[in-house]
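# Working through the structure, step by step
Single-letter residue listing:
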Amino acid sequence: PKTMTVEPDIVASTKPDIVAVSKERPGSLKVPPPRPPPPVAPPRRQKKKSANETPENEDEPKGLLTPTSEAIESLTKELERSLDMKGATSGSTLVKIQTSFKPAEEASAAVGEKESPALPRLRSASGRPLTDEEILEQVMIKNLDTGELVPLSQAEDKLPKCMNPLSLHIIRRTKEYVSNNSLNKDDSDTESVEGQADRGKTMHQAEEKLKKGTKQLKKLFGKAVEKSVSKIKEIKDEVFAGEDSSSSDDETDTRTIKIKSSSSNKGPYEFDQLRLVQDLSGEHTGAVWTMKFSCCGRLLATAGQDNILRVWVLKGAHVYFDEMRHKYAMEARASPSPSQESSPAHSQTGSGTPSEEPVEHEGPFRQIPFCSYRGHTADVLDLSWSKNYFILSSSMDKTVRLWHISRRECLCCFQHIDFVTAIAFHPRDDRYFLSGSLDGKLRLWNIPDKKVALWNELDGDIKLITAANFCENGRFAVVGTYDGRCIFFDTEHLKYFTQIHVRSTRGKNSKGRKITGIEQLPGEHKILVTSNDSRVRLYDLRDLSLSCKYKGGTNTSSQIKASLSHNGKFIVCGSEDHYIYIWKTYYDYSKFTSVRRDRNDFWEAFR
């Protein structure tokens, strides 16, 4: 590895060549080849079977090196270990992928040349500066629904408002977009437009018949029938209330929750008594792109467009974490007083604290952030908590920053070549974390050693990592891509294992769409995958089969991703139609005779 000059930004490549994938077992390579061609995906069952076999060269050292430079057999086999403050703050606070930034810029430019052949001109032939509209007219974007090429200025009018800047950047890089008027139609398992029109005609005809019948009955029976008819209308409105998603909500109060359900979901309902408990608006400026609860559930981290990471604490846990912060501060021989960002006297909210006191007593969270961290220079895209309250934040400024709730400053900054779209602490050893970037590289970082321990690169024409996470208790690292693939790497050597193509069998969604989220189902060998075809899918990792597909929400261009309840019984996901959708992970199909068990459109939603 010392003589390798092909990949100057990383220590060494562990990506096998085609022959190694097809003939040799994992761990049998003595010297990793420099930048080999992309591996061919092996048969799923055979590859999974071979991964459980014992390697031929048992005496060969493998795995990572611990911070004490002792050889370990595997990350996934060693005892659970934790990151401490000494390991987080040791060494340099700024970790660069390479010693010089010049090659990194050249590498980034090379990636841009491959994926964006022609950059828009900023001046005319005569040297006149072009207007914004003229520049946007030069960038042609392909509509994936119709195949039509339109200027970027026209495409932006058809996209959802307040769109994630990462999604806009990916649209510019790939020159592809999905129009907002094709939200949930034309899929193999969705209701057709003609069917919706027929249902509308049927409802209209029923109303006309009801009016005619009312006039005839009025002549015969008088006012007694009018009361009965009014009751029938009320029942009819209640039945179709869940199906009418196009009704206007502008007249409702902002504190009012509108609840609806799918036409196939006849109850009993789990979330029909929802009420608004607390609103933490006022601190963040602009959109909030990511939110994560700590492992204990008592802290909530939020970040987004204003580049600031904020941590909120439950009222009942504030004393505990405040004492923890003072303890760490005393150990570091620093001032034990809380930071200005978390002090009520230095609150950044525009209104005074007395006006917020009534709200303070209603919700579970303190209305003032426990911590506020500044350091990023662009939108924050993803967050990750460790089990001992370290926080990782990734941003469009091409960095990952490490924080701790007891410190007000950034503990370490890990630089990348491109936007960092996804990060995740290793679930068993949080001295390591995973980062996925738009440069197509998956990196496993060693925090105490302040370096990249392992890395691998995606194959394909468009190497864009849009989601990443660990599964099977850290045994595998999963990467979601722009073209709808979930690629699995074994964490021991970060070598390619297998992949899943997340797509429908037919229809317009037969072409894979961007993966926006990957979550592990608690206590089971299953993962939940969110994609930009407005679907959430549950896959069984034992045979890589599709267990269930959840539909109802709208997610065509955003970075929306579904989450699981703490016990895994419910799935919740945002939507571009401003609703929050909830499904039962395992719906009771016993009362149905002819319903597909691998499809779930029995949702409840609130706004």
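Residues numbered from 1 in each chain as written. Predicted model: local features only at pLDDT ≥ 70, side-chain atom pairs only at ≥ 80, totals over all residues. Heavy atoms only, no water.

What follows concerns the overall build of the chain. For the chain, the helix and strand inventory stands at 11 helices and 30 strands. Across the 607 residues that make up the chain, the buried fraction comes to 47%. Relative to all contacts within the chain whose residues are 6 or more apart in sequence, the contacts with residues 24 or more apart total 55%. Summed over all atoms, the accessible surface of the chain reaches about 30,900 Å², with 52% contributed by carbon and sulfur. (Helix = DSSP H or I, 4+ residues; strand = E, 2+ residues; numbered from the N terminus. Buried < 20%, exposed > 50% of the residue type's maximum accessible area, 1.4 Å probe, protein only. Contact = heavy atoms within 4.5 Å. Areas by Shrake-Rupley, 256 points an atom, 1.4 Å probe, with all protein chains shown as cover.)

Counting across every chain of the model gives 16 salt bridges. For Asp459, the salt bridge goes to Arg485, with nearest N and O atoms at 3.2 Å. Here Asp459, found in the loop between β17 (451-457) and β18 (465-471), pairs with Arg485, found in strand β20 (residues 485-490); they are 26 residues apart in sequence, far enough to count as distant. We note a salt bridge from Asp598 to Arg599, for which the minimum N-O separation is 3.1 Å. Residue Arg599 is classed as buried on the basis of its relative accessible area of 16%. (Salt bridge = Lys/Arg side-chain N within 4 Å of Asp/Glu carboxyl O.)

Right, let's talk about the UniProt feature "repeat: WD" (unreviewed entry) in the chain for a bit. Under the feature "repeat: WD" (unreviewed entry), the UniProt entry names residues 281-312, 373-406 and 413-447. Within the segment residues 373-406, helix and strand shares are 0% and 56% respectively, and the terminal C-alpha atoms sit 11 Å apart. (UniProt positions renumbered as here; feature names shortened; annotations may be inferred.)

As a further point, take the sheet that holds strand β7 (residues 299-304). Strand order in this open sheet of four strands is β6-β7-β8-β9, and the pairing throughout is antiparallel. Across the chains shown, the open sheet's two edge strands, defined by having one partner strand only, are β6 (288-293) and β9 (371-373). Going from strand to strand, the sheet's axes swing by 15 degrees on average, the running direction of each strand aside. Relative to strand β8 (residues 309-313), β7 runs antiparallel, the two being bridged by four bridges. Directly across from Thr302, in β8, lies its bridge partner Arg310. (Pairing = 2+ DSSP bridges. Axes fitted to C-alpha atoms, helices over the stretch in contact; angles between N-to-C directions.)

Here we take up the pairing of β7. Along β7, six of the six residues are buried, which leaves the element largely enclosed by surrounding structure. A two-sided burial pattern is seen for β7, the buried positions comprising Leu299, Ala301 and Ala303 on one face and Leu300, Thr302 and Gly304 on the other. Counting the residues between successive antiparallel strands, the hairpin from β7 to β8 contains four residues, one of them, Asn307, with a positive phi of roughly 70 degrees.

Geometry of an aromatic ring pair is reported as the spacing of the ring centres plus the angle between the planes. One pass over the full model with this rule turns up 15 aromatic pairs. Note on Phe321 and Tyr389: the rings are 5.2 Å apart at their centroids and 85 degrees apart in plane angle, and the pair reads as edge-to-face. With Phe321 in helix α10 (residues 318-331) and Tyr389 in the loop between β10 (380-385) and β11 (390-395), this pair connects stretches of sequence that are 68 residues apart. Both residues of the pair, Phe321 and Tyr389, belong to the buried class. Put simply, the rings of Tyr550, Tyr579, Tyr581, Trp583 and Trp603 pair up and form one aromatic cluster. The positively charged end of Lys441 is found above the aromatic ring belonging to Trp455, 5.2 Å away from the centroid. (Phe/Tyr/Trp six-rings, centres within 6.5 Å; stacked < 30°, edge-to-face > 60°. Lys NZ or Arg CZ within 6 Å of the ring centre and 35° of its normal.)

A positive phi angle is found at Tyr389, which is not glycine, with a value near 70 degrees. Even without being a glycine, Leu494 presents a positive backbone phi close to 55 degrees. On the basis of relative accessibility, which here comes to 0%, the residue Leu494 falls in the buried class.

You can see Asp490 is positioned in strand β20. Buried and unpaired, Asp490 has Lys495 as its nearest opposite-charge partner, separated by 6.7 Å. When near neighbours in sequence (up to four residues on either side) are disregarded, Asp490 contacts Arg475, Phe476, Lys495 and Phe497. (Lys, Arg positive; Asp, Glu negative; His and termini not counted.)

Residues Phe390, Leu402, Phe414 and Phe433 are the most contacted members of the largest nonpolar core, which totals 21 residues. When residues of this core are traced back to their parent elements, those giving at least two are α3 (85-89), β11, β12 (399-404), β13 (412-415), β14 (420-425) and β17. In terms of residue count, β14 provides more of this core than any other element does, three residues in total. Leaving out residues up to four positions away in the same chain, Phe414 has contacts with Val95, Lys398, Thr399, Val400, Leu402, Phe433, Trp445, Ile447 and Lys450. (Core = buried A, V, L, I, M, F, W, Y, C linked by side-chain atoms within 4.5 Å.)

Another point: the sheet that holds strand β22 (residues 515-520). Strand order in the open sheet formed by five strands is β22-β23-β24-β25-β29, and the pairing between neighbours is mixed. Strands with a single pairing partner mark the edges of an open sheet, and in this sheet they are β22 and β29 (599-600). In this structure, strand β23 (residues 526-531) lies alongside strand β24 (residues 535-540), joined through six bridges in antiparallel fashion. Of the residues in β24, the one forming a bridge with Ile527 is Tyr539.

What follows covers the confidence of the model for the chain. Averaged over all residues, the pLDDT of the chain equals 74, while 63% of them reach at least 70. When the criterion is pLDDT under 50, residues 45-79 qualifies, and its contacts beyond four places in sequence or with other chains add up to 71 contacts. With pLDDT under 50 throughout, residues 242-253 is counted as low confidence; its partners more than four residues away or in other chains account for 11 contacts. (pLDDT = per-residue confidence, 0-100.)

Right, let's get into the side chain of His284. Residue placement: His284 occurs in the loop between β5 (259-261) and β6. Owing to a relative accessible area of 16%, His284 belongs among the buried residues under this scheme. Only 3.3 Å separates the side chain of His284 from the side chain of Asp306, close enough to count as a polar contact. A polar atom in the side chain of His284 sits 3.1 Å from the side chain of Arg310. Look past the residues within four positions of His284 in its chain and what remains in contact with it is Thr302, Ala303, Asp306, Ile308 and Arg310. (Polar contact = N/O pair within 3.5 Å; in protein donor to acceptor, adjacent residues only side chain to side chain.)

Under the 1.5 Å per step criterion, the end-to-end length of α10 is 20 Å for 14 residues, consistent within 8% with the ideal 20 Å. Taken residue by residue, α10 has His318, Phe321, Met324, Arg325 and Ala329 as its buried positions. An end-on view of α10 places all buried positions within 135 degrees of arc, on one side of the element. Residues of α10 that are exposed and point over 90 degrees away from its buried face: Val319, Glu323, Lys327, Met330 and Glu331. Residues of α10 that are buried make contact with β7, β8 and β9. (Expected span 1.5 Å × (residues − 1). Arc of directions from axis to C-beta.)

Turning our attention to the state of the cysteines. What the rule picks out here adds up to zero disulfides. Of all cysteine sulfurs, the one in Cys410 lies closest to Cys412, which takes part in no disulfide; the gap is 6.8 Å. Accessibility expressed as a relative area gives 0% for Cys412, which makes it buried. (Disulfide = S-S within 2.5 Å.)

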